[in-house]
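# Topology and contacts: notes
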Amino acid sequence: MNNTLGPGLVPSPIAQLPWRIILLVVAIGVFGLLVLYSAASGDIRKWAMPQGIRFFAFLAMAIVLSRIPESFWAMGALPGYVAILVMLIGVELLGAVAGGSQRWLDLGIIRLQPSELMKPAIVLALARFYEVLPAGEIRRFAAIWPAAVMIGVPAALVMLQPDLGTALMIVAGGITVMFLAGVPLRLFIGGALAIAVAVPLIVNFVLHDYQRNRVLTFLNPEADPLGTGYHISQSKIAIGSGGIFGKGFLNGTQSHLDYLPEGHTDFALATMMEEWGLMGGLFVIIAYLMLIRWGIGVGVRAQSRFARLAAAGLSTTIFFYVAINMAMVMGLAPVVGIPLPLISFGGTAQMTVLICIGILMSIDRQNRRITRW
Amino acid sequence: MRITEAAQSYSFSRRAMMLGGIQGAVGLVLAGRMAYLSVFENERYRLLAESNRINLSLTPPRRGWIVDRNGKPLAINRTAFRVDLIPDRIEDKAKLVGQLRDVLALTPEEVARLETDLKRSRGFQPIPVVENLDWERYAAVSVRLPDMPGVSPTQGFARYYPLGAGVGHLLGYVGVASQAQYQRDKDPLLIAPGFKLGKDGVEKTLEDRLRGVPGAKRVEVTARGKVVRELETRADRPGETVKLTIDAGLQEYVARRLADNSGSVVVLDCINGDVLAMVSMPAYDPNSFSDGISQSEWKMLSEDDHVPLMNKVLQGLYPPGSTVKPMHALALLQNGISPSQTVHCGGSLRVGNRNFHCHKRGGHGAVDMTRAVAQSCDVYFYSMARDLGYDTFAKTVRQMGLGARYDLPYASQSFGTVPDSAWKLKKYKQKWTVADSVNASIGQGYVLVNPMQLAVMTARMAQGRAIVPRLLLDGPHNPAPSLGIDPEHIQKVRETMWAVVNGGGTAGRARLDIPGVEMAGKTGTAQVRAITAAERARGVLSNNQLPFKLRDHTLFVCFAPADNPRYAMSIVLEHHGHVNAITDVAPTAKDIMTYLFDREKAIAALAALEPTWGGDYKTRAAKQAADFRATQAAPPPPVPEDAEAAASNVAASEAANATATAGGDVAETGSRGEPSE
């Protein structure tokens, strides 16, 4: 209502939208479409068009989600979590029946990956759990074990698919909420130490061969430049050869001559940076940090405990996407199959991230209404 | 309760800040990594991206021609279709070999060679399947390419030697680079399909000049190897044309006139040392060597007792026999012996407790210098050497170029021995004896020479110039400087050698039928076996009764015109033993020398003779190969990986044999004479 444009010019529901954030998201998304257009060697119908249609559809969905009151998310968090968990089990059973691993449910119109939906769902569910947990219990065991189970069960199911990247993100998102909720710090420090011990054991005894190879390759990519190390080597060549200003739009050779595998999906950042250089890379990092900073700010300004934890947790989920993908593409992390949201081709991560943004906008809207009152 | 909630809210803010801080720090790390890769490592990755994108393929340069002194080609390049295999890209070796056999109509022998090569292949080196392919078969392979991964048909150039085996040892041959060479040089040209480098002879030693600069094609390729576009092509720069002093016509004539002998001929220009012909027969055909020799051909060549793999001109060592007598006469003149001084030859000379026989059992009676050379009297030279000692001769022998190594473009040369007392003491820790001098005086004993040295000796005696054999016609060839020998001595030597051919001497059959041109020469025979006293008592076996390997070598040196020599020549026929009057040294020398003065006449003479020994060398080689294949029931052994090394091994062992048979204990028995002159 105190919009500078005044009530008469623009309908108030539209004027009330958080335009700065929407523009930021559109900027990232449209930049991603340019990258996909180039990755297809100038063929707009191959990847850029479907990705663009999906992007604006999901963006519209996010705006719709932003109109849903915060209380709905709080009430729906735990039932939603359970529903998605059931779908995860369903996928697992279907996979067992069909004889092979399966990650999605075919709903006719859309292939739904329950594991992907679990990323925001675990955040909301734990936010709700810590909201209802009496404040005095937070330093007790009762604050920990239900959360551990809520994280562990879906993570284990996703690991069975097997999808290491998604499982890691579910665990990371859950732990982030536990941390924000005030679970004692020493548990996290102890946990970190435990992981340091456990990782080598997991790598050797739990991971599938292809996953173990990826980890070993990450540690020494040059050992097998034409095998599993090929992805990382070619990706680094693409990024490194771009220089500060890049080779120019549509001039990337690594992607256009197929040296860079998965140049339109997981390694889209490399495709982009070959043509746009360090400047393009910094643009994406800054845009995402602004988005995440806004999300955490939404959490800090929020009144309810659920809203605070959910907002900070969802922002961190977006952060994990971006950070893990970039680290992987630049050879700082094993190749775990996490796309760069809004830029990599593929609807799933796009949907998840825009759901997160929609919920963040919904919480933001609640905050502003409270402030005005 | 409120306090606790407030505390929780405070704790949340603090932890959210901390989380934001961590996220910001991670963002910084990621940005730093980006900057590191794209700024600090930019140079390196840009190069890597370029080497990904750009595929540089080399076009083998056209090899420089080798031409004779008149510009007539000795080695040229012909357009050739060829098919190679790239071992890396082959999917099913056995299936592919089967397909190729059907499409290219490969013989079982070619299939066997291909299989051997495939087993030895290391992936990066292309394996030739067929070279010099006709268009139909080339097209047949080209259309089937999609079904045969690993097959690479190309159009290039193949080395061609018009004279074939006639220039085998003169020029050497070309072939693909060996593994070892590629490992050492890492030159990508070495493994470019169709590239060949010199493997022997002139082709090898003049490699740098003949090779040229490869052409290059820079193409942009996708990760799957598909060519997107050609970026740049640079034409090859052909190698330099190398001009030799050889006369191609003479070279071919000599090769043909050598008939079925195992022999060698060198023709030199007496004035400037140009090598006009240098022939060692029989010889391998460099055309088939350059195309990749078949297993049976290799086996045939390495088993042949006429040693076609050895360049006898430079690697064959022989006792020069009586061919050194004119030179020894020159040594006597230089030591003040009068040419009219006579020695009585009674058929043998007793030195100490041993008898040294003359080849003429009854003796020559009183012989002066001219008769001694013309009749090849051994006792004359025995007696002189006994009185003067061989060290007096050795100085002249070295002056005439024996024992010396010449700077000719060949990797492997044997240059024999000019013995003297110092040499013997050093080599055998023994004192020089009179018997040693006596043996050396007729070119036996420790004396060993190669045919090139014999020709140099003859040319130097003929004109008294310090000629050095020259094969490359690079600049002006000036007359060689004088050796400073008294012209009267030169004149006397010419007279004695003239008498050998024209004055009732041992080589009357070499007399030229050309008005105004006379030849001067000297025969020689080198025994390769010891004659025992018992055999001598029974009657020495004639060469006709001996197996090939035990027959005498026959030698001849000559020059013409006798009064003002222009051309000098040496001929060495291994184990000829004078068994065939037509193919013996004297008539051969006559025809070759005739060629230099009257080509038509020489060619007519050869045309009449050639059918008697089964035609020219190409015809005979083809027949020999056919006969050999017919006798080979079992599949032949694989060709050694480096034919070049194997060939020189053969040559080396052959030379060692020659040394052992000819220079061994014969001198000690003192029974060495010249059985037939």
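Bear in mind that the values here come from a model prediction, so they are computed numbers and not experimental data.

Thresholds, definitions, all that
Residues numbered from 1 in each chain as written. Chains lettered and ligands numbered in written order. Predicted model: local features only at pLDDT ≥ 70, side-chain atom pairs only at ≥ 80, totals over all residues. Heavy atoms only, no water. Helix = DSSP H or I, 4+ residues; strand = E, 2+ residues; numbered from the N terminus. Buried < 20%, exposed > 50% of the residue type's maximum accessible area, 1.4 Å probe, protein only. Contact = heavy atoms within 4.5 Å. Areas by Shrake-Rupley, 256 points an atom, 1.4 Å probe, with all protein chains shown as cover. Salt bridge = Lys/Arg side-chain N within 4 Å of Asp/Glu carboxyl O. Expected span 1.5 Å × (residues − 1). Axes fitted to C-alpha atoms, helices over the stretch in contact; angles between N-to-C directions. Parallel < 35°, antiparallel > 145°, perpendicular 65-115°, else oblique. Nonpolar A, V, L, I, M, F, W, Y, C, P; charged D, E, K, R; others polar. Patch = residues over 30% accessible without salt bridge, like charges linked within 9 Å, V, L, I, M, F, W, Y side chains within 5 Å. Buried area = accessible area lost by both parts, 1.4 Å probe. Polar contact = N/O pair within 3.5 Å; in protein donor to acceptor, adjacent residues only side chain to side chain. Left-handed = near helix turned anticlockwise from the far one by under 90°. Pairing = 2+ DSSP bridges. Core = buried A, V, L, I, M, F, W, Y, C linked by side-chain atoms within 4.5 Å. Domains from an automatic or database assignment. pLDDT = per-residue confidence, 0-100. Phe/Tyr/Trp six-rings, centres within 6.5 Å; stacked < 30°, edge-to-face > 60°. Lys NZ or Arg CZ within 6 Å of the ring centre and 35° of its normal.

This part covers the overall build of chain A. A tally of regular secondary structure across chain A gives 14 helices and two strands. The 373 residues of chain A split such that 56% are buried. If you take every contact in chain A between residues at least 6 apart in sequence, the share linking residues at least 24 apart comes to 73%. As displayed, chain A offers around 15,700 Å² of accessible surface, 70% of which is attributable to carbon and sulfur atoms.

A few words now on the pattern of salt bridges. When the charged atoms of two side chains with opposite charge come close together, those side chains can pair. Scanning the model with the defined rule gives 37 salt bridges over all chains in all. The salt bridge partner of Lys247 of chain A is Glu274 of chain A, with a shortest N-O separation of 2.7 Å. A residue pair is termed long-range when its members are at least 10 positions apart, and Lys247 of chain A in the loop between helix H10 (230-242) and helix H11 (253-256) and Glu274 of chain A in helix H12 (residues 268-301) qualify at 27 residues. Using a relative accessible area of 0% as the deciding quantity, one classes Glu274 of chain A as buried. In the salt-bridge network here, residues are joined through shared partners; they are Arg63, Arg159, Asp187, Glu203, Glu207 and Arg211 of chain B.

Let us look at helix H23 (residues 585-597) of chain B. All names here are of chain B. Helix length check: H23, at 13 residues, gives a terminal C-alpha distance of 19 Å against a target of 18 Å (1.5 Å per residue), a fit within 8%. The buried fraction of H23 is high, at eleven of 13 residues. The complete set of buried residues in H23 reads Val585, Ala586, Pro587, Thr588, Ala589, Asp591, Ile592, Met593, Thr594, Tyr595 and Leu596. Residues of H23 that are buried sit in contact with helix H10 (248-257), strand E11 (262-269), strand E12 (275-281), strand E18 (553-560), strand E19 (567-574) and helix H24 (599-609).

All names here are of chain A. With their axes 10 Å apart at the nearest point, helix H5 (residues 114-132) and helix H6 (residues 145-160) run at an angle of 175 degrees to one another. As judged from the angle between their axes, H5 and H6 are roughly antiparallel. The residues of H6 that touch H5, namely those facing Ser115, Met118, Ile122, Ala125, Leu126, Phe129 and Tyr130, are Pro146, Ala147, Met150, Ile151, Pro154 and Val158. For the contact of H5 with H6, the class distribution of residues is twelve nonpolar, one polar and no charged.

Right, let's talk about a nonpolar patch on the surface for a bit. On the surface, Ile244, Phe245 and Met279 of chain A together with Tyr36, Val39 and Phe40 of chain B cluster together into a nonpolar patch covering about 620 Å² of accessible area. Per-element accounting of the nonpolar patch gives the leading share, three residues, to helix H1 (residues 2-40) of chain B. Among the structural elements, Met279 of chain A can be located in helix H12.

In this assembly, 50 residues from chain A lie in contact with 37 residues from chain B. Of the roughly 3,700 Å² buried between chain A and chain B on both sides combined, carbon and sulfur atoms contribute 71%. Taken together, chain A and chain B are joined by ten residue pairs in polar contact (both at pLDDT 80 or more). For the side of chain A that touches chain B, the element with the most residues is H12 of chain A, which contributes eleven residues. Split into classes, the residues belonging to the side of chain A that touches chain B amount to 31 nonpolar, 14 polar and five charged.

Moving on, we come to the packing of H12 of chain A against helix H13 (residues 305-329) of chain A. Residues and elements named next belong to chain A. Close contact between H12 and H13 brings their axes to 9 Å; oriented N to C, the two are set at 165 degrees. When the axis of H12 is compared with that of H13, the two are roughly antiparallel. Of the two elements, H12 crosses H13, and the hand of that crossing is left-handed. Residues Leu269, Ala270, Val284, Ile285, Tyr288, Leu291, Ile292, Gly295, Ile296, Val298 and Gly299 of H12 pack against Ala307, Arg308, Ala311, Ala312, Ser315, Ile318, Phe319, Val322, Asn325, Met326 and Val329 of H13.

Time to look at unusual backbone geometry. Residues and elements named next belong to chain B. A cis amide bond links Met281 with the next residue in sequence, Pro282, at an omega value of -10 degrees. Along the chain, Pro282 falls in the loop between E12 and helix H11 (286-290). Cis geometry marks the peptide bond from Ala560 to Pro561, where omega comes out at -10 degrees. Topologically, Pro561 is positioned in the loop between E18 and E19. Here Val307, not a glycine, exhibits a phi torsion of approximately 35 degrees, which is positive. Among the structural elements, Val307 can be located in the loop between helix H12 (295-303) and helix H13 (312-315). Taking the relative accessible area as the measure of exposure, Val307 reaches 5% and is therefore buried. The residue Lys429 is not glycine, and still its phi comes out positive at about 55 degrees. Residue classification places Lys429 among the exposed positions, given a relative accessible area of 69%.

On to the sheet that holds E12 of chain B, then. Residues and elements named next belong to chain B. Judged by pairing direction, the sheet is antiparallel, and its five strands sit side by side in the order E12-E11-E19-E18-E17 without closing on themselves. Bordering the open sheet on either side are E12 and strand E17 (520-526), each of which pairs with just one other strand. Taken pair by pair, the neighbouring strands of this sheet meet at an average axis angle of 10 degrees, ignoring direction. With six bridges joining them, E11 and E12 adopt antiparallel strand pairing. When the sheet's bridge partners are listed, Val266 is paired in E12 with Met278.

Mapped onto the elements, Ser115 of chain A comes out in helix H5. Among all residues touching Ser115 of chain A, those that are not within four sequence positions of it are Leu88, Val158, Gln161, Thr166 and Ile170 of chain A.

All names here are of chain B. Counting residues in hydrophobic clusters, the biggest one holds 139 residues, and the most contacted among them are Leu171, Leu244, Met278, Tyr380, Met452 and Phe556. When residues of this core are assigned to their parent elements, the largest contribution, eight residues, is made by helix H20 (residues 451-463). Built from parts of two domains, this core gets at least three residues from each of domain 1 (55-243) and domain 2 (248-669).

On to helix H2 (residues 19-39) of chain A, then. Its 21 residues place the ends of H2 of chain A 30 Å apart at the C-alpha level, agreeing with the 30 Å of an ideal helix rising 1.5 Å per residue. Phi turns positive one or two residues past the end of H2 of chain A, at Ser41 of chain A, with a value near 60 degrees.

Now for the environment of Arg460 of chain B. Residues and elements named next belong to chain B. Inspection of the secondary structure assignment puts Arg460 in helix H20. The class for Arg460 is buried, based on a relative accessible area of 9%. Taking the C-alpha atoms as reference points, Arg460 and Gly401, separated by 59 residues in sequence, lie 8.0 Å from one another. Among the polar contacts made by the side chain of Arg460, one reaches the main-chain carbonyl oxygen of Ile467 at a distance of 2.9 Å.

Moving on to the environment of Met273 of chain A. Secondary-structure assignment places Met273 of chain A in helix H12. For Met273 of chain A, a relative accessible area of 0% corresponds to the buried category. Ignoring sequence-local partners within four residues, the contact set of Met273 of chain A consists of Ile239, Gly242, Gly246, Leu278 and Gly281 of chain A together with Met34 of chain B.

Attention shifts here to the confidence of the model for chain A. As a note on interpretation, predicted positions should not be read in detail where pLDDT is low. This prediction gives chain A a mean pLDDT of 86; 90% of its residues lie at or above 70. Within chain A, the lowest mean pLDDT, 71, falls on helix H9 (residues 209-219) of chain A, and the highest, 95, falls on H12 of chain A.

A few words now on the pairing of strand E8 (residues 215-221) of chain B. Residues and elements named next belong to chain B. In terms of residue burial, E8 counts as a mostly covered element, since five of its seven residues are buried. Strand direction decides the pairing type here: strand E1 (residues 54-59) and E8, joined by six bridges, are antiparallel. Opposite Leu56, over in E8, you have Arg218 as the bridge partner.

The next point concerns the side chain of Asn325 of chain A. All names here are of chain A. With respect to the element layout, Asn325 can be found in helix H13. Assessed through its relative accessible area of 0%, Asn325 is described here as buried. Dropping the residues within four chain positions of it, Asn325 is found in contact with Asp266, Leu269, Phe320, Ile338, Pro339 and Leu340.

Applying the stated rule across the entire model yields 24 aromatic pairs over all chains. An angle of 45 degrees between the planes, with centres 6.2 Å apart, marks the rings of Trp432 of chain B and Tyr446 of chain B as tilted. Placement of Trp432 of chain B in the loop between helix H18 (421-428) and helix H19 (434-441) and of Tyr446 of chain B in the loop between H19 and H20 is noted, with a sequence separation of 14 residues between them. A relative accessible area of 17% places Trp432 of chain B in the buried class. Classification of Tyr446 of chain B as buried rests on a relative accessible area of 13%. Site record: aromatic cluster; members linked through ring pairs are Tyr390, Phe393, Trp423, Tyr428, Trp432 and Tyr446 of chain B. Positioned above the aromatic ring of Phe345 of chain A is the side chain of Arg54 of chain A, whose terminal nitrogen or guanidinium carbon lies 5.2 Å from the ring centre. A cation sits over an aromatic face here: Arg15 of chain B above Phe179 of chain A, 4.9 Å from the ring centre.

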